[in-house]
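An overview of the molecular structure
If you want the building blocks of each chain, they are given just below.
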Amino acid sequence: MTANTATERRRVTTLLAAAAIGVYLLIVVGATTALTEATQACSTWPLCGTDLSDPRVLIAWGHRLAALVVGVVVLAALVTTWRSSTSRRAKATLLVPFVLYPVQIGLGALAATATTATADWLSTLHLLSGMAIFVGLVLALAWTLELGTDDTAPVTDPDPLTATPTDTDTGETPSLQTPSPPSGPLARARRIGAAYFRLMKPRLMWLLCLVAAAGMALAAGPSLDAGIVIRVLGGGVLAIGASGTFNHVLERKKDRKMQRTSDRPLATDQVGVTNALAFGLLLAAASLALFLSVNLLAAALGLCAILFYSVIYTLVLKPNTVQNTVLGGAAGALPALIGWVGVTGTVGVPGLALAGVIFLWTPAHFYNLALAYKDDYARGGFPMLPVVRGERVTRRHIVWYLAATLLGASVLSAVTSLGWLYAGATVAFGALFLWTVVRLHRERSEQAAFRAFHASNAYLGALLFAIVVDAILL
Ligand code: HEM
Ligand SMILES: CC(C)=CCC/C(C)=C/CC/C(C)=C/COP(=O)(O)OP(=O)(O)O
């Protein structure tokens, strides 16, 4: 690729990314109750009340001015892309935002000035049309980003095998030798304790517990009962520990073949298989007892989560299908439902919508690691996407699942009363996450993959934290 083509591509992808995030901002602000209430204070178009002391008028004006500014950015992105040497399908796809953006403005004007009878379906149409514009921009971005890239990472990174990967269960760098035996009884007890703790996959817990906490906060709001929180989170920690332990038992032979996991307690025989199984069963029993003390449905979902991750994902999906990560996303989505059910006793739309966000987020999260550890997964014999279909396809799927996650997050704001804090978190951290994925395409390095991986955790962590604060305190 010549230097000026590379420069042109950077300009096009930067503009398309900015346009996509600008449209996403409009979608999220539009989907939050903030705007739907604002139109009641601003029901004329294009101008409306000038009483800026009324926050609803401020929000309505903000949305209209943002629509104007974003419209200019979208137009700049369209013109720049159409004049560039990007792919025909990227250029053709941009006809969607080109045609729909003026229509979107018209739908917005009608929704703002309509009577309540027609306002609802006009608002829904306005939201869906905004999403179609967003999808058109993201597809053009993905197809332009992958141009000029292939499946070989540039020679700027050490091979993941020689790089010092850390096992994020503990964040330690695995040693190739079996750890030396402890000197005294206390040191031995500490080493064994640390090994059992590591079986529980503690590094996954903070985000998975935040998922359950967000489910509970959405369901209960300010009247969230501390007793339920303690029992649901306690049950969740024990359930994750149980399923993590079973995962270690079932994968111990493959863990030995992978550099990243070669020093795990069962891969290095620090813990016996029978003892590990007994430990996992104990954790599972304690977890289900806690869930049962909340309600039967929470316990049933907890059992499903343990069985799904330990058996379906670990034994069936992960070693056999390239869709292991997509389908495995159900494991991480279940804590959202458990949180919602723990408070309400039934499955509800917001709980399902939150679970859907986690489900869509999971491939955008894990595919970055799968890129960084591609050779390691090949050695372990796992059909991860980069191993089976290559790095270029994997990077494209990361863009798609990231976009799907952002749309899922906007649907969640449409079906709940989440407000400006949630809107700000999903747009700001979504933009950050998208930017790391754009850089992943440009740099195609292990470091860029880890950067996008951590951005995925930062996005979900910020989103879930915003849900908890917004639902309980605002
Ligand atoms: C199919 C689903 C998933 C797969 C395949 C997956 C894969 C991974 C892998 C391989 C690691 C590194 C672990 C290690 O090196 O020992 C990791 C780390 C992590 N995962 Fe996932 N994950 C999935 C779903 C989730 C979900 C649903 C959450 C939370 C909602 C989550 C949160 C985390 C966190 C917090 C870390 C540790 C990050 C750090 O150490 O900074 N993962 N994941
Ligand atoms: C309530 C409850 C039990 C919920 C289950 C939540 C849970 C444990 C999700 C884990 C998600 C996941 C597939 C992690 C990676 O496993 P991996 O085997 O691909 O990672 P590895 O290669 O590091 O072992």
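Counting from 1, residues in each chain are numbered in the order their sequence is written. The lettering of chains begins at A and the numbering of ligands begins at 1, in the order of writing. Selection of residues for local features in this predicted model requires a pLDDT of at least 70, selection of side-chain atom pairs for listing and counting requires 80 or more, and totals for whole chains, interfaces and linings are taken over all residues. Each side-chain value is derived from all of the structure's non-hydrogen atoms; neither hydrogens nor water enter the calculation.

Considering the domain arrangement of the protein chain
Here the protein chain is partitioned into domain 1 (3–145) and domain 2 (197–473). Domain ranges listed in this record stem from an automatic or a database domain assignment. For domain 1 versus domain 2, the separation of C-alpha centres amounts to 31 Å. Listed by partner, the interface residues are 22 residues for domain 1 and 26 residues for domain 2. On the domain 1 side of the interface with domain 2, the three residues burying the most area are Ile 21, Tyr 24 and Leu 145, jointly 28% of the side's total. Counted as salt bridges are all cases of a side-chain nitrogen of Lys or Arg within 4 Å of a carboxyl oxygen of Asp or Glu. At the boundary of domain 1 with domain 2, the tally comes to 0 salt bridges. Polar contacts, as used here, are pairs of N or O atoms within 3.5 Å; protein pairs need one atom able to donate a hydrogen and one able to accept it. Residues neighboring in sequence count only if both atoms are side-chain atoms. At the boundary of domain 1 with domain 2, the tally comes to 5 residue pairs in polar contact (both at pLDDT 80 or more). Helix and strand definitions here come from DSSP, where helices need a minimum of 4 consecutive H or I residues and strands a minimum of 2 consecutive E residues; each element is numbered from the N-terminal end. Taken together, the elements giving at least two residues each to the side of domain 1 that touches domain 2 come down to helix H1 (3–31) and helix H6 (116–145). Charged residues are taken to be Asp, Glu, Lys and Arg, nonpolar residues to be Ala, Val, Leu, Ile, Met, Phe, Trp, Tyr, Cys and Pro, and polar residues to be all remaining types, Gly included. For the side of domain 1 that touches domain 2, the per-class residue count stands at 17 nonpolar, 4 polar and 1 charged. Note on definitions: a residue-residue contact is assigned when non-hydrogen atoms from the two residues lie within 4.5 Å. Buried area: the accessible surface (1.4 Å probe) lost by two parts on joining, summed over both.

Quick look at the nonpolar core
Within the largest apolar cluster, 127 residues are counted, with the highest numbers of intra-cluster contacts made by Val 23, Phe 134, Leu 137, Leu 464 and Ile 467. Counting contributing residues, this core receives three or more from each of domain 1 (3–145) and domain 2 (197–473). Leave out the neighbours within four places in its chain, and Leu 464 touches Leu 207, Leu 210, Val 211, Ala 214, Leu 354 and Ile 358. Ala 38, Cys 42, Cys 48 and Val 57 belong to the second-largest nonpolar core, a separate cluster that totals 6 residues. As used in this record, nonpolar core signifies buried Ala, Val, Leu, Ile, Met, Phe, Trp, Tyr and Cys residues forming a set joined through side-chain atoms within 4.5 Å. Burial classification: accessible surface area is computed with a 1.4 Å probe over protein chains only, and a residue below 20% of its type maximum counts as buried, one above 50% as exposed, and the rest as partly exposed.

Brief notes about helix H18 (residues 446–473)
To estimate how far a helix should reach, multiply one less than its number of residues by 1.5 Å. The terminal C-alpha atoms of H18 lie 40 Å apart, and with 28 residues this matches the ideal 40 Å at 1.5 Å per residue to within 8%. Among the 28 residues of H18, 21 are classified as buried, and the element is accordingly described as predominantly covered.

Here we look at the site of ligand 2
We call a residue near a molecule or strand whenever a single non-hydrogen atom of that residue lies within 4 Å of it. Around ligand 2, the structure places 17 residues, and the nearest of them are Lys 201, Arg 260, Arg 264, Tyr 309 and Tyr 313. Within the side chain of Asn 247, one N or O atom sits 3.0 Å away from an oxygen atom of ligand 2. Within the contact set of ligand 2, an oxygen atom lies 3.4 Å away from a side-chain nitrogen or oxygen of Glu 251. Per-residue and other accessible areas follow the Shrake-Rupley method at a 1.4 Å probe size, with only the shown protein chains counted as cover for residues. A total of 630 Å² of accessible area belongs to ligand 2 in isolation, and the protein chains cover 88% of it. Secondary-structure elements contributing two or more residues to the shell around ligand 2 are helix H8 (202–220), helix H9 (226–257), helix H11 (296–320) and helix H12 (324–344).

A word on the coordination of the iron atom of ligand 1
Looking at the iron atom of ligand 1, one finds just one donor atom contributed by the protein, His 365 (NE2), at 2.3 Å. Here His 365 is to be found in helix H13 (residues 349–372). Note on donors: an N, O or S atom is included if it sits within 2.8 Å of the metal, or within 3.2 Å for Na, K and Ca, and water is never included, so sites can look incomplete.

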